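# Structural characterization, general
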Amino acid sequence: MKGRPVSPFNLFQRLSQAPTNPKAEPVARTFDVAELYEGPVQLADAADAAPLALDEKLRQAYFWIVNNAIISPHYDIEYHAGPSASFNVGDTRRQLTLPSAQSYSSYVLLPLLTFATRRKCLFVGGPGRGKTASAILMGVLAGYPVREVRRAMQHGHPQMTIADLLGNPLPADLVAAQDMSQIRIAWRSWLGMRVKIIDEYNRIPTRTQSALLTVMGDNYAEVLNQVYECPESAWYLTANDDRGGGTYQVIEALRDRIDVVVQALAFNPRFLEEMLLRIEQNIRPEEVVPREIIFSEEEGDLMLQQIRAVDVPQDVRRRIEFFSSQFELMETAGAQFEYLTKDTVRLAGVDWAQAIAADSGRDRMKDLGCQTRNGLSVRNLMTLLMFAKALAWFRGNAAVALDDVRQVLPFVLNDKLQPDLDAPFFALPENAAYRSDRLSWLRWLLDSSNAEYDRLDLDRNDPVGELSAQFARGLDGVSERETRARLTRIERLVEERVKGRKLYGHLYDDLLKLKYLHQRYTNYLHWQQAR
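Here goes a summary of the coordinates provided.

## What about unusual backbone geometry?
Trans is the prevailing form of peptide bonds, just as negative phi is the prevailing case for residues other than glycine. In this structure, L224 takes a positive phi of about 50° despite not being glycine. With respect to the helices and strands, L224 occurs in the loop between β8 (220-223) and β9 (226-229). Its relative accessible area of 33% is what places L224 among the partly exposed residues. One non-glycine residue, D457, lies in positive phi territory at about 55°. Examined against the element boundaries, D457 turns out to sit in the loop between α19 (438-455) and α20 (463-472). According to the relative accessible area criterion, D457 is partly exposed, its value standing at 27%.

Structure below.
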């Protein structure tokens, strides 16, 4: 007897019953005394009814979206468990790799991690690539009805005013009020939502962008001295072109508030059958999201708490430190040692080509910092750590691995670390692709930094790190004699580091750290002598 065919509706709502990550580390179960008063021991049937772990639930959401909603067969976040098959393709011999471990599509995964961490994600790509549909799905995952998500979405346009964006004062209050505090504001409903969507944000006028910046950066809106406190939210912005296109140039501060940039890749026509099914059955994926993958506000809070608890091992942190130290140094930027940075050049308004011409002491092919026009901000590094934690948690791990950093770093720094396309590196024929493929260039930078880190053997030979760890243990019980000995050691190490060596970014930061330690011990010594 032939079984009944699965209806398209059930097909779109179907979730995998098998664990999405069988090797995920089990969460330790703690004993609670209250369980003694809850009756008989629960048997297997009750255990089966237990809710999914939140990381498993987010993985279920990922696989439902990638298989049923946003057809994205671009597995560009690759993981490997042992050797992976690879093939060189075309005249350029570009490498096609078949990953040997569970890998992911950045276009689906990064928005989900943004949802979990309540950060800000920008979708970029041509019209009709699914940017807005992906953002709407995130709103549905937060428990909002599709109609409410669509109505709350803000559509950027050249005539958009602050009142259009935030809300209007009540007309009766404008007439009757004796002072500003008596004017009530009819706030826009989207301000209170936990998922906020701004469509075509680069079509919003500059003045209105400033109001949007306040909401994005400080979580409040202000109109006529009236303030609306917004909940912590995940933000999704879209733009067809974020490299200067759009009706208005996006102000720098607003761009800096965006945490990750995700590119909408081209649709693969091999999957046209799925599109045809949606047309014939009149199915919109955002309207048939399974209830099992919808997150409550409490689950969102707990999910963020679990992500923050993921450990970043010291060896991973040191490699992030070493990488980020490569880019800020510009030896000719200032006269005082602390001001030898690209930021000094930018703030002074000095012509970039002129500043580069004077900086001729380093090997411009070897030095990674010569490939960029800026360094990394504190916000960039905090975002990188947060998304690395989120990716490790999503994969079911209790600690961040270097591979996790390698996968999220290009999306975090995509719009932050600006390449200097006039650098000698980009002039080489084999590096020409990096002029347009910024994600691959950023990943190459990290790989090159890690290779240099290994060459210097910094995991085993890091005297600056040893001095930092010694200081971190505190100064209680440290005698005046020991303080002087530590100061002498710092001075000798500085002398050793600067002797006959060119100044590179990681050395510059090491010397500043040694100066910091020297100053802390000097202050402590003065305090000892004054007692």
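## Here we look at the sheet that holds strand β3 (residues 120-124)
Taken together, the five strands give an open sheet; going across it, the order is β4-β7-β10-β3-β11, and neighbouring strands pair in parallel fashion. The sheet is open, and its two edges are formed by β4 (154-155) and β11 (260-263), each paired on a single side. Direction of pairing for β4 relative to strand β7 (residues 195-199): parallel, over a ladder of two bridges. Within β7, the residue paired with Q154 across the bridge is I198. Against the sheet, helix α9 (residues 206-218) contacts β3, β7 and β10 (234-239), and its axis sits at roughly 145° relative to β10.

## Quick look at the pattern of salt bridges
In total, this model carries 26 salt bridges according to the counting rule given. Across the pair R379 and D256 runs a salt bridge, and its minimum N-O distance is 2.2 Å. Of the two residues, R379 is situated in helix α16 (residues 378-394) and D256 in helix α10 (residues 252-256); the sequence distance between them amounts to 123 residues. Taking relative accessible area as the criterion, R379 reaches 33% and is therefore assigned partly exposed. For D454, the salt bridge is made with R319, and the minimal N-O distance between the two is 2.6 Å. On the criterion of sequence distance, the pair formed by D454 in helix α19 and R319 in helix α13 (residues 314-324) is long-range, its members being 135 residues apart. Overall, R319 belongs to the buried group, its relative accessible area being 11%. A network of salt bridges, in which partner residues are shared, links R317, R318, E321 and D462.

## Some remarks on the packing of helix α3 (residues 54-69) against helix α4 (residues 106-117)
As a packed pair, α3 and α4 sit with axes 10 Å apart at the nearest point and diverge in direction by 145°. As α3 packs across α4, the resulting crossing turns out to be right-handed. Between α3, through L58, A61, Y62, I65 and V66, and α4, the contact on the second element is made entirely by V108, L109, L112, F115 and A116. When grouped by side-chain class, the residues that make up the contact of α3 with α4 number ten nonpolar, no polar and no charged.

## Some points on the packing of aromatic side chains
Overall, the coordinates contain 21 aromatic pairs when judged by the stated rule. Pairing W190 with W235 gives two aromatic rings, centres 5.8 Å apart and planes at 90°, and the pair type is edge-to-face. Here the residue W190 occupies a position in the loop between β6 (185-187) and β7, and W235 occupies one in strand β10, the gap between them amounting to 45 residues. For W190, a relative accessible area of 2% corresponds to the buried category.

## Examining a nonpolar patch on the surface
A surface patch of nonpolar side chains, amounting to about 360 Å² of accessible area, comprises F87, V89, L96 and L98. When contributions to the nonpolar patch are tallied by element, the ones reaching two or more residues are β1 (85-89) and β2 (94-98). Here L96 is to be found in strand β2.

Here is what the cut-offs are and how they apply
Residues numbered from 1 in each chain as written. Predicted model: local features only at pLDDT ≥ 70, side-chain atom pairs only at ≥ 80, totals over all residues. Heavy atoms only, no water. Helix = DSSP H or I, 4+ residues; strand = E, 2+ residues; numbered from the N terminus. Buried < 20%, exposed > 50% of the residue type's maximum accessible area, 1.4 Å probe, protein only. Pairing = 2+ DSSP bridges. Contact = heavy atoms within 4.5 Å. Axes fitted to C-alpha atoms, helices over the stretch in contact; angles between N-to-C directions. Salt bridge = Lys/Arg side-chain N within 4 Å of Asp/Glu carboxyl O. Left-handed = near helix turned anticlockwise from the far one by under 90°. Nonpolar A, V, L, I, M, F, W, Y, C, P; charged D, E, K, R; others polar. Phe/Tyr/Trp six-rings, centres within 6.5 Å; stacked < 30°, edge-to-face > 60°. Patch = residues over 30% accessible without salt bridge, like charges linked within 9 Å, V, L, I, M, F, W, Y side chains within 5 Å. Areas by Shrake-Rupley, 256 points an atom, 1.4 Å probe, with all protein chains shown as cover.

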